[in-house]
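Below are the chains, spelled out letter by letter.
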Amino acid sequence: DVKVTQSSRYLVKRTGEKVFLECVQDMDHENMFWYRQDPGLGLRLIYFSYDVKMKEKGDIPEGYSVSREKKERFSLILESASTNQTSMYLCASDDSTDTQYFGPGTRLTVL
Amino acid sequence: QKEVEQNSGPLSVPEGAIASLNCTYSDRGSQSFFWYRQYSGKSPELIMSIYSNGDKEDGRFTAQLNKASQYVSLLIRDSQPSDSATYLCAPVTGTASKLTFGTGTRLQVTL
């Protein structure tokens, strides 16, 4: 079974803090993705990566950055957290058929 | 026009009935289509994929694809209360070949 893990299920941070969300997959997948999910807006792609040290902006990259130093690990960074970044963050990786497998999600609250 | 459109619901069906979930998409180049199920507070999980026009059956689930009409649907036969969830349609779109998710249809199966 494909396994995608995320470092935290729930996270509470203060405005202006730097936040790191970690994602690890164990299936040697090339591509990894970060989404945020908000009520009524669905899943929106923040960034994706198709190889180590490679990254591409998704639909809503503003206020976020990413890091992929190893194939299995893809990190999402909020340089200076703001209240409008309160959301559910979902990491995924995909296989050669474009099927994406999701981690359990991190519910981030920024106060 | 949204890239992927789904009726947000809720779609309410009695136990044992057929639930029909519909999705339209705008990218005529899309070749691969995925249906995900998402329980409240959980991450999306793959139900099935479809690549060719026509029907594809997997247990109680049938996906239907009509590329000419840019329409994909999911039928759930013998609906169970455990099927109550949000169903996300996701075609592969664009030159980067990434999934674009609809906002989902919430299904409620009533006793």
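Just so you know, these numbers come straight off a predicted model, no measurement behind them.

So, how was this worked out
- Residues numbered from 1 in each chain as written.
- Chains lettered and ligands numbered in written order.
- Predicted model: local features only at pLDDT ≥ 70, side-chain atom pairs only at ≥ 80, totals over all residues.
- Heavy atoms only, no water.
- Helix = DSSP H or I, 4+ residues; strand = E, 2+ residues; numbered from the N terminus.
- Rg over C-alpha atoms; globule rule 2.2 N^0.38 Å.
- Contact = heavy atoms within 4.5 Å.
- Areas by Shrake-Rupley, 256 points an atom, 1.4 Å probe, with all protein chains shown as cover.
- Lys, Arg positive; Asp, Glu negative; His and termini not counted.
- Charge placed at Lys NZ, Arg CZ, Asp CG, Glu CD.
- Buried area = accessible area lost by both parts, 1.4 Å probe.
- Salt bridge = Lys/Arg side-chain N within 4 Å of Asp/Glu carboxyl O.
- Polar contact = N/O pair within 3.5 Å; in protein donor to acceptor, adjacent residues only side chain to side chain.
- Phe/Tyr/Trp six-rings, centres within 6.5 Å; stacked < 30°, edge-to-face > 60°.
- Buried < 20%, exposed > 50% of the residue type's maximum accessible area, 1.4 Å probe, protein only.
- Lys NZ or Arg CZ within 6 Å of the ring centre and 35° of its normal.
- Pairing = 2+ DSSP bridges.
- Axes fitted to C-alpha atoms, helices over the stretch in contact; angles between N-to-C directions.

A. Representation of the overall build of chain B within the structure. Assigned secondary structure in chain B consists of 0 helices and 11 strands. Its helices and strands in sequence order give chain B the pattern β-β-β-β-β-β-β-β-β-β-β, from N to C terminus. A compact globule built from 111 residues would reach a C-alpha radius of gyration of about 13 Å, and chain B, at 13 Å, matches this within 12%. Seen along its three principal axes, the alpha-carbon backbone of chain B occupies a region of about 45 × 30 × 20 Å. Intrachain contacts of chain B at a sequence separation of at least 6 include 53% that bridge at least 24 residues. Entry remark: accessible area of chain B is about 5,200 Å², with carbon and sulfur atoms responsible for 46%. The averaged location of the 10 negative side-chain charges in chain B is 5 Å from the averaged location of its 10 positive side-chain charges.

B. Examining the interface of chain A and chain B more closely. Facing 20 residues of chain A, the contacting portion of chain B comprises 16 residues. Between chain A and chain B the total buried area reaches about 1,400 Å² when both faces are included, carbon and sulfur atoms providing 57% of it. At the boundary of chain A with chain B, the tally comes to 0 salt bridges. At the boundary of chain A and chain B, one finds 3 residue pairs in polar contact (both at pLDDT 80 or more). Among the elements of the structure, β4 (31–38), β5 (42–51), β9 (87–94) and β10 (100–102) of chain A are those that each provide at least two residues to the side of chain A that touches chain B. Here the side of chain A that touches chain B takes 4 residues from β5 of chain A, the largest share from any one element.

C. Summary view of the packing of aromatic side chains. By the definition in use, this model includes 10 aromatic pairs over all chains. With a centroid separation of 5.8 Å and an interplanar angle of 40°, the aromatic rings of Tyr-35 of chain A and Phe-102 of chain A are classed as tilted. Of this pair, Tyr-35 of chain A sits in strand β4 while Phe-102 of chain A sits in strand β10, and the two are 67 residues apart along the sequence. Pairing Phe-34 of chain B with Tyr-51 of chain B gives two aromatic rings, centres 6.2 Å apart and planes at 90°, and the pair type is edge-to-face. Taken as a pair, Phe-34 of chain B in strand β4 (residues 33–38) and Tyr-51 of chain B in the loop between β5 (45–50) and β6 (54–58) lie far apart in primary sequence, 17 residues in all. By relative accessible area, Phe-34 of chain B is classed as buried at 0%. Each residue in the set Phe-33, Tyr-35, Phe-48 and Phe-102 of chain A together with Tyr-36 and Phe-101 of chain B is aromatic and connected to the rest through ring pairs, giving one cluster. The ring of Phe-61 of chain B has Arg-60 of chain B sitting right over it, with the charged end atom 5.5 Å from the ring centre.

D. Layout of the sheet that holds strand β8 (residues 73–78) of chain A. Residues and elements named next belong to chain A. Pairing is antiparallel across the open sheet formed by 4 strands, whose spatial order is β1-β3-β8-β7. Each edge of the sheet is formed by a strand with only one pairing partner; in this case those strands are β1 (4–6) and β7 (64–70). Neighbour-to-neighbour, the strand axes of the sheet open up by a mean angle of 20°, direction not taken into account. Note that β1 and strand β3 (residues 19–25) share 3 bridges and pair antiparallel.

E. Just the sheet that holds strand β1 (residues 4–5) of chain B, in detail. The 5 strands are arranged β1-β3-β8-β7-β6 (chain B) in an open sheet whose pairing can be described as antiparallel. The outermost strands of the open sheet, each flanked by one partner alone, are β1 and β6 of chain B.

F. Local environment of the pairing of β8 of chain A. Residue and element names in this part refer to chain A. Most of β8 is tucked away: 5 of the 6 residues are buried. In this structure, β3 lies alongside β8, joined through 6 bridges in antiparallel fashion. Bridged to Glu-22 within β8 is Ser-75. Where β7 lies against β8, 5 bridges are found, and the strand directions are antiparallel. In the strand pairing of β8, Ser-65 is matched with Ile-77. The hairpin formed by β7 and β8 contains 2 residues between the paired strands.

G. Main features of the pattern of salt bridges. Residues and elements named next belong to chain A. Applying the stated criterion to the full structure yields 10 salt bridges over all chains. Residue Lys-71 pairs with Glu-30 through a salt bridge whose shortest N-O separation is 3.1 Å. Note that Lys-71 is positioned in the loop between β7 and β8 and Glu-30 in the loop between β3 and β4, a separation of 41 residues in sequence. Residue classification places Lys-71 among the partly exposed positions, given a relative accessible area of 21%. By sharing partners, the salt bridges in this structure join Asp-28, Glu-30 and Lys-71 into a single network.

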